[in-house]
Amino acid sequence: MHEAALVLDTHLDTPANLARPGWDIADDHAHEGDLSQVDLPRMKSGGLDGGFWVIYTGQGARDDAGKQSARNHGLERLVVIREMLASHPDAMELALTSDDALRIAKSGKRVSFISMENAAPLAADPSLLVAYHTLGLRMLGITHVLNNDFGDSSTDAKGPEWSGLSPAGKALVAEANRLGIVLDASHASDAVFDQLLELSRAPIVLSHTSADAVFDHPRNIDDARIRRLAEKGGVIHVNAFGGYLVSIPKRPEREAALNALSEKYGPESRLSVEAAPAYMRERHAIEARYPVKRATFDDYMAHLLHIIRVAGVDHVGVGADWDGGGGVVGMEDVSALPLITQRLLAAGYSEDDIRKIWGGNLLRVLRDAQAVAAPSAAD
Ligand SMILES: [Zn+2]
């Protein structure tokens, strides 16, 4: 049943790994071997047909130099994703519409949508959104963990700066609607979420968010907002980021040791295939010396099942933050995805319900977003 369903994930941070020397999406990797969680062999074994490859940009300085640097970073990440698709034409294909997704999956290739997490690359010149759309962008998240020029984040220690969306953020929402790009409220503040629901002419999504009612955290969302999202036709894709599923106390000694390791080997995002075994040996030693609590597959299912009960099966999907901090004990990478289907069946959900959760709801939202687009922008 899982194999036959169209299985999509809305938040694949894997493009971050493409800068690792020697790392190729077509090779078989193991999470214990290099911390990666998504590649073509594991997508196949986990029945993951595809999803949204993310153009993620960390929020830097918001002066002119910072905006220019974010602009360049976004374009570079887009190029890396397009190069990945161009290098594997028999295995992956760019998807621009829901019909594309169905056709590509049927052909046995991986359905490859493109999304942006943090609109910072557009701060220098919001009109770049037109070019991003032309080059394949179909989902746009407003912020990351800090406030930006378009709106407030849920986790900026300085608190809200715009009381939600900034004037530039409101203009960006209108432009995304005009182009048929799905708006994503993950990471944004509750006020941004409320304003997106109010302003957007199309249903919106949360691409990787969990439930406050299961674990209260600024990065999660409350039940009343989940209900309003559903009423407006939106979809919440449930995140598997451990620190948002359960309370995980920090261990400063562990953090310090891991920071020292990163200094020795360079950031994980640049870890070469050659250096990975030595790095992982040292990392495992640190983890064994300073163990911390980790979220489990049961914790993930508690969030997912709660959100299904609140939102209804037509308004839930999966966005597990693979290669972006997601993954839990018992579901370390995408090869474990059939376990979710198994648990949903055991919980009494029908095959039809489960097909909606794995991809049907997402394709509906994309159709709705493209239906409100200006005729000149629609694909
Ligand atoms: Zn994220």
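Look a little higher up for the structure.
Residues numbered from 1 in each chain as written. Predicted model: local features only at pLDDT ≥ 70, side-chain atom pairs only at ≥ 80, totals over all residues. Heavy atoms only, no water.

Visitor: Please explain the overall build of the protein as it appears in this structure.
Guide: When its secondary structure is counted, the protein shows 14 helices and nine strands. Here the protein has a C-alpha radius of gyration of 19 Å; the compact-globule value for 379 residues is 21 Å, and the two agree. The C-alpha extent of the protein, read off along each of the three principal axes, is 55 × 50 × 45 Å. Here the protein holds 379 residues, and 56% of them are scored as buried. On the protein, roughly 15000 Å² of surface is accessible, and the fraction owed to carbon and sulfur atoms is 53%. With 38 positive and 53 negative side-chain charges, the protein shows a separation of 1 Å between the mean positions of the two kinds. (Helix = DSSP H or I, 4+ residues; strand = E, 2+ residues; numbered from the N terminus. Rg over C-alpha atoms; globule rule 2.2 N^0.38 Å. Buried < 20%, exposed > 50% of the residue type's maximum accessible area, 1.4 Å probe, protein only. Areas by Shrake-Rupley, 256 points an atom, 1.4 Å probe, with all protein chains shown as cover. Lys, Arg positive; Asp, Glu negative; His and termini not counted. Charge placed at Lys NZ, Arg CZ, Asp CG, Glu CD.)

Visitor: Could you clarify how one ought to interpret the coordination of the zinc ion in this entry?
Guide: Expected angles at a metal are 109.5 degrees for tetrahedral coordination by four donors and either 90 or 180 degrees for octahedral coordination by six donors. For the zinc ion, the full set of protein donor atoms is Glu117 (OE), His187 (NE2) and His208 (NE2), and the range of their distances to it is 2.1 to 2.2 Å. Considered as a linear motif, the donors of the zinc ion on their single chain read E-x69-H-x20-H. Remark: His208 occurs in strand β7 (residues 205–209) and His187 occurs in the loop between β6 (182–184) and α7 (190–199); sequence separation between them is 21 residues. Each member of the pair, His187 as well as His208, is classed as buried. (Donors = N, O, S within 2.8 Å, 3.2 Å for Na, K, Ca; no water.)

Visitor: Which parts of the structure should I look at to understand the side chain of Asp39?
Guide: Position of Asp39 among the secondary structure elements: in the loop between α1 (31–34) and α2 (40–45). The residues contacting Asp39, other than those within four sequence positions of it, are Trp23, Ile25, Asp27, Asp28 and His29. (Contact = heavy atoms within 4.5 Å.)

Visitor: Could you clarify how one ought to interpret the packing of aromatic side chains in this entry?
Guide: What describes a pair of aromatic rings is the distance from one ring centre to the other and the angle between the planes of the rings. Evaluated as defined, the whole model comprises three aromatic pairs. Summarising the aromatic geometry, the rings of Phe241 and Tyr244 are spaced 4.3 Å apart at their centres and angled 20° between planes, so their arrangement reads as stacked. Residue class for Phe241 comes out partly exposed when judged on its relative accessible area of 23%. Overall, Tyr244 belongs to the buried group, its relative accessible area being 11%. Note on Tyr265 and Tyr279: the rings are 5.5 Å apart at their centroids and 85° apart in plane angle, and the pair reads as edge-to-face. Taken as a pair, Tyr265 in helix α10 (residues 252–265) and Tyr279 in helix α11 (residues 276–289) lie far apart in primary sequence, 14 residues in all. (Phe/Tyr/Trp six-rings, centres within 6.5 Å; stacked < 30°, edge-to-face > 60°.)

Visitor: Honestly, the packing of helix α12 (residues 297–311) against helix α13 (residues 338–346) in this entry has me stumped. Any pointers?
Guide: The description of two helices packed together rests on the angle between their axes and the distance between the axes. Where α12 contacts α13, the two axes come as close as 11 Å, and the packing angle between them is 55°. Relative to α13, the element α12 is oriented oblique. The two elements α12 and α13 cross, and the hand of that crossing is right-handed. On the side of α12, the interface is formed by Phe297, Asp298, Tyr300, Met301, Leu304, Leu305 and Ile308, while α13 contributes Leu339, Ile340, Arg343 and Leu344. Broken down by class, the residue content of the contact of α12 with α13 amounts to nine nonpolar, no polar and two charged. (Axes fitted to C-alpha atoms, helices over the stretch in contact; angles between N-to-C directions. Parallel < 35°, antiparallel > 145°, perpendicular 65-115°, else oblique. Left-handed = near helix turned anticlockwise from the far one by under 90°. Nonpolar A, V, L, I, M, F, W, Y, C, P; charged D, E, K, R; others polar.)

Visitor: Would you take a moment to explain the nonpolar core for this structure?
Guide: Nonpolar side chains tend to gather and get buried jointly when the protein is soluble and globular. Core analysis: the largest hydrophobic core is formed by 80 residues, its most contacted members being Leu122, Leu140, Tyr300, Ile340 and Leu344. Considering every element that reaches this core, the biggest residue donor is α12, with nine residues. The next biggest cluster of nonpolar side chains, apart from the first, holds 18 residues, and it includes Leu6, Val182, Leu362 and Leu366. (Core = buried A, V, L, I, M, F, W, Y, C linked by side-chain atoms within 4.5 Å.)

Visitor: What should I look at first to understand the pairing of strand β5 (residues 137–141) in this one?
Guide: Each regular strand shows side chains that alternate between the opposite faces of the sheet. Burial runs high along β5: five of the five residues are buried. Bridge count for strand β4 (residues 110–117) against β5 is four bridges, and the pairing is parallel. Across the sheet, residue Met116 finds its bridge partner in β5, namely Leu140. Taking the sense of rotation as the criterion, the β-α-β connection linking β4, helix α5 (residues 128–134) and β5 turns out right-handed. As defined by bridge partners, β5 adjoins β6 across three bridges and the pair is classed as parallel. Bridge pairing links Leu140 to Leu183 in β6. (Pairing = 2+ DSSP bridges. Right-handed = clockwise from strand over helix to strand, strands pointing away.)

Visitor: Is there a simple way to explain the pattern of salt bridges in this structure?
Guide: Oppositely charged side chains can pair when the atoms bearing their charge come close. Here the structure, examined in full by the defined rule, presents 24 salt bridges. Salt bridges here are not isolated pairs; linked through shared partners, they connect Asp190, Asp194, Asp222, Arg225 and Arg228. (Salt bridge = Lys/Arg side-chain N within 4 Å of Asp/Glu carboxyl O.)

Visitor: So what exactly am I meant to see when it comes to the environment of Asp368 here?
Guide: Mapped onto the elements, Asp368 comes out in helix α14 (residues 351–371). Distance from Asp368 to Gly234, taken between C-alpha atoms, is 9.6 Å for residues 134 residues apart in sequence. Apart from residues no more than four positions distant in its own chain, Asp368 is found in contact with Ala202 and Pro203.

Visitor: I tried to follow α11 on my own but got confused; where do I start?
Guide: Since the α-helix packs 3.6 residues into each turn, any two residues three or four apart lie on the same face. Over its 14 residues, α11 extends 20 Å from the first C-alpha to the last, a length consistent with the 20 Å expected when each residue adds 1.5 Å. Turning to α11, its buried residues are Ala276, Tyr279, Met280, Arg283 and Ile286. Each buried residue of α11 sits inside an arc of 120° when the element is viewed along its axis, so together they form one side. Across α11 from its buried face, at more than 90 degrees, point the exposed residues Arg281, Ala288 and Arg289. (Expected span 1.5 Å × (residues − 1). Arc of directions from axis to C-beta.)

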